[in-house]
Amino acid sequence: LAKTTQPISMDSYEGQEVNITCSHNNIATNDYITWYQQFPSQGPRFIIQGYKTKVTNEVASLFIPADRKSSTLSLPRVSLSDTAVYYCLVGEGNYQLIWGAGTKLIIKP
Amino acid sequence: DTAVSQTPKYLVTQMGNDKSIKCEQNLGHDTMYWYKQDSKKFLKIMFSYNNKELIINETVPNRFSPKSPDKAHLNLHINSLELGDSAVYFCASSQALAGGHIINEQFFGPGTRLTVL
């Protein structure tokens, strides 16, 4: 089975760009990479999803290299409200869902 | 309107009791999930149903039994509760799985915090 690995925690400051990387060896050919955000006492919420290269939406960008063995979630100009836990999720074949352990991101003033 | 709802929000009970958590989604999704999140924030999928059919059944004690009366509901029944069952349980839903590869956004409920004394 694939395993996802992400940093346990990260700190940054308001206005900075934050990059969180997830490694996912053995990702299957047709699987997508998804990132979720979780605030305390809430369920995770979808941020962005991609298959390869770069995907951008109104809140984040997702960079995936050609070998797809890792992915980087990029949050531009973070604010205090971006303090949360961020999870990467890889959909492996045969209905396997491989979640990372989560990265606790703390944004400081 | 709440997209994915769970009841109860909090559940405190004694070891050995049997309890149920209910989940309902009004998104018209075909697939529903149960997750367990422990105190270290690890998210572990437990079960998934697609159109009332069990499609993911991870290694969980058989004291846990999901039941899907229709595709909008997925309930979780837990028998003989143990201390280690204390966690937050999340229900989620998504569009139907496509070809066995997970590509659909999951919508999570607010969670049920279960405390076993």
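See above for the structure.
Residue numbers run consecutively from 1 along every chain, following the written order of its sequence. To label them, take the chains in the order written and letter them from A, then take the ligands in the order written and number them from 1. Where local features are concerned, this predicted model is filtered to residues with pLDDT of at least 70; where side-chain atom pairs are given and counted, the filter is 80 or more; whole-chain, interface and lining totals use all residues. Think of the side-chain values as coming from all heavy atoms in the structure, minus any hydrogens and water.

Colleague: What is the right way to read the state of the cysteines from this model?
Modeller: Each disulfide consists of a covalent bond between the sulfur atoms of two cysteine residues. Our working definition of a disulfide is a cysteine sulfur pair at a distance within 2.5 Å. If you walk through the whole model with that rule in mind, you get two disulfides over all chains. A disulfide bridge connects C22 of chain A with C88 of chain A, and the sulfur atoms are separated by 1.9 Å. One end of the pair, C22 of chain A, is in strand β3 (residues 18-25); the other, C88 of chain A, is in strand β9 (residues 84-92), and 66 residues separate them in sequence. For the exposure calls, accessible area comes from a 1.4 Å probe over protein chains only, and a residue counts as buried if that area is under 20% of its type's maximum, exposed if over 50%, partly exposed in between. Note on C88 of chain A: relative accessible area 0%, which makes it buried. Through a disulfide, C23 of chain B is tied to C91 of chain B; the S-S separation comes to 1.8 Å. Judged by the torsion about the S-S bond (-75°), the C23 of chain B/C91 of chain B disulfide is left-handed. Numbered from the N terminus, helices here are DSSP runs of H or I no shorter than four residues, and strands are runs of E no shorter than two.

Colleague: I keep staring at the layout of surface pockets and nothing clicks. Help me out?
Modeller: All names here are of chain B. Residues are called lining when one of their atoms sits within 4 Å of a cavity or pocket point, these points coming from a 1 Å grid over the protein atoms alone, where a cavity is a set in which a 1.4 Å probe fits but cannot get out and a pocket is an open set with protein on both sides within 12 Å along at least five of seven lines. Grid points are joined across faces, edges and corners, and a volume is the space filled by probe spheres set on the points. Of the voids in this model, the second largest pocket is the one considered here, and its volume is about 240 Å³. When contributions to the lining of the second largest pocket are tallied by element, the ones reaching two or more residues are β9 (87-94) and β11 (112-116). The dominant element in the lining of the second largest pocket, judged by the number of residues it contributes, is β9, at three residues. Amino acid classes used here: Ala, Val, Leu, Ile, Met, Phe, Trp, Tyr, Cys and Pro are nonpolar; Asp, Glu, Lys and Arg are charged; the rest, including Gly, are polar. Looking at side-chain class alone, the lining of the second largest pocket contains seven nonpolar, eight polar and four charged residues.

Colleague: Before we go on, may I ask you to explain the sheet that holds strand β3 (residues 19-25) of chain B in this structure?
Modeller: Within a beta sheet, neighbouring strands are joined by backbone hydrogen bonds and run either parallel or antiparallel to one another. All names here are of chain B. Read across the open sheet, the four strands follow the order β1-β3-β8-β7; overall the sheet is antiparallel. In the strand order of this sheet, the two ends are held by β1 (4-7) and β7 (64-70), each with one partner. Adjacent strand axes in the sheet meet at a mean angle of 20°, parallel and antiparallel pairs treated alike. We call two strands paired when DSSP finds no fewer than two bridges between them. Here β1 pairs with β3 via four bridges, running antiparallel. For S5, the partnering residue across the bridge sits in β3 and is E24. Each axis is a line fitted through C-alpha atoms, taken for helices only over the stretch in contact, and angles between the N-to-C directions span 0 to 180 degrees.

Colleague: Looking at this structure, I do not really get the packing of aromatic side chains. What am I missing?
Modeller: One pair of aromatic rings is described through two measures. These are the centre distance and the angle between the planes. Working definition: rings of Phe, Tyr and Trp (its six-membered ring) pair if their centres are within 6.5 Å, and the pair is stacked with planes under 30 degrees apart, edge-to-face with planes over 60 apart, and tilted otherwise. Enumeration over the complete set of coordinates arrives at 11 aromatic pairs over all chains. With 5.4 Å between their ring centres and 50° between their planes, Y32 of chain A and Y51 of chain A make a pair best called tilted. Within this pair, whereas Y32 of chain A is found in the loop between β3 and β4 (33-38), its partner Y51 of chain A is found in the loop between β5 (45-50) and β6 (53-56), the two being separated by 19 residues in sequence. On the accessibility criterion, Y51 of chain A (25% relative accessible area) is partly exposed. Note on F90 of chain B and F108 of chain B: the rings are 6.3 Å apart at their centroids and 80° apart in plane angle, and the pair reads as edge-to-face. With F90 of chain B in strand β9 and F108 of chain B in strand β10 (residues 107-108), the pair connects residues that are 18 residues apart, well separated along the chain. Look at F90 of chain B and you get buried, because its relative accessible area is 2%. Under the relative-accessibility criterion, F108 of chain B is labelled buried at 12%. By way of ring pairs, the aromatic residues Y36, F46, Y87 and W99 of chain A together with Y33, Y35, F90 and F108 of chain B are connected into one cluster. Each ring is checked for a lysine NZ or an arginine CZ that lies within 6 Å of its centre and within 35 degrees of its normal; such an atom marks a charge sitting over the ring. The aromatic ring of Y51 of chain A is capped on one face by R68 of chain A, whose charged end is 4.0 Å from the ring centroid.

Colleague: Whenever I open this one, the nonpolar core confuses me. Can you help?
Modeller: For soluble globular proteins, the rule of thumb is that nonpolar side chains tend to be buried together. Grouped together as the largest cluster of nonpolar side chains are 21 residues, with contacts concentrated most on V18, W35, L73, L75 and Y86 of chain A. Elements with a contribution of two residues or more to this core: β3, β4, β5, β7 (61-64), β8 (70-75), β9 and β11 (103-108) of chain A. Per-element accounting of this core gives the leading share, four residues, to β9 of chain A. When checking whether two residues touch, look at their non-hydrogen atoms; a contact exists if any pair is within 4.5 Å. Once you skip the residues sitting within four places of it in the chain, Y86 of chain A turns out to touch Q6, I20, W35, Y36, Q37, I47, L73, L75, G102, T103 and L105 of chain A. If you look at the next biggest cluster of nonpolar residues, it comprises 20 residues, including M32, Y49, L74 and C91 of chain B. The set of buried Ala, Val, Leu, Ile, Met, Phe, Trp, Tyr and Cys residues whose side-chain atoms join them within 4.5 Å is what this entry labels a nonpolar core.

Colleague: How should I be thinking about unusual backbone geometry in this particular structure?
Modeller: All names here are of chain B. With omega at 0°, the peptide bond leading from T7 into P8 counts as cis. Among the structural elements, P8 can be located in the loop between β1 and β2 (10-13). A positive phi angle is found at K41, which is not glycine, with a value near 75°. For K41, the location among the structural elements is in the loop between β4 (31-37) and β5 (43-50). Although it is not a glycine, S80 adopts a positive phi angle of roughly 45°. Of note, S80 is situated in the loop between β8 (73-78) and β9.

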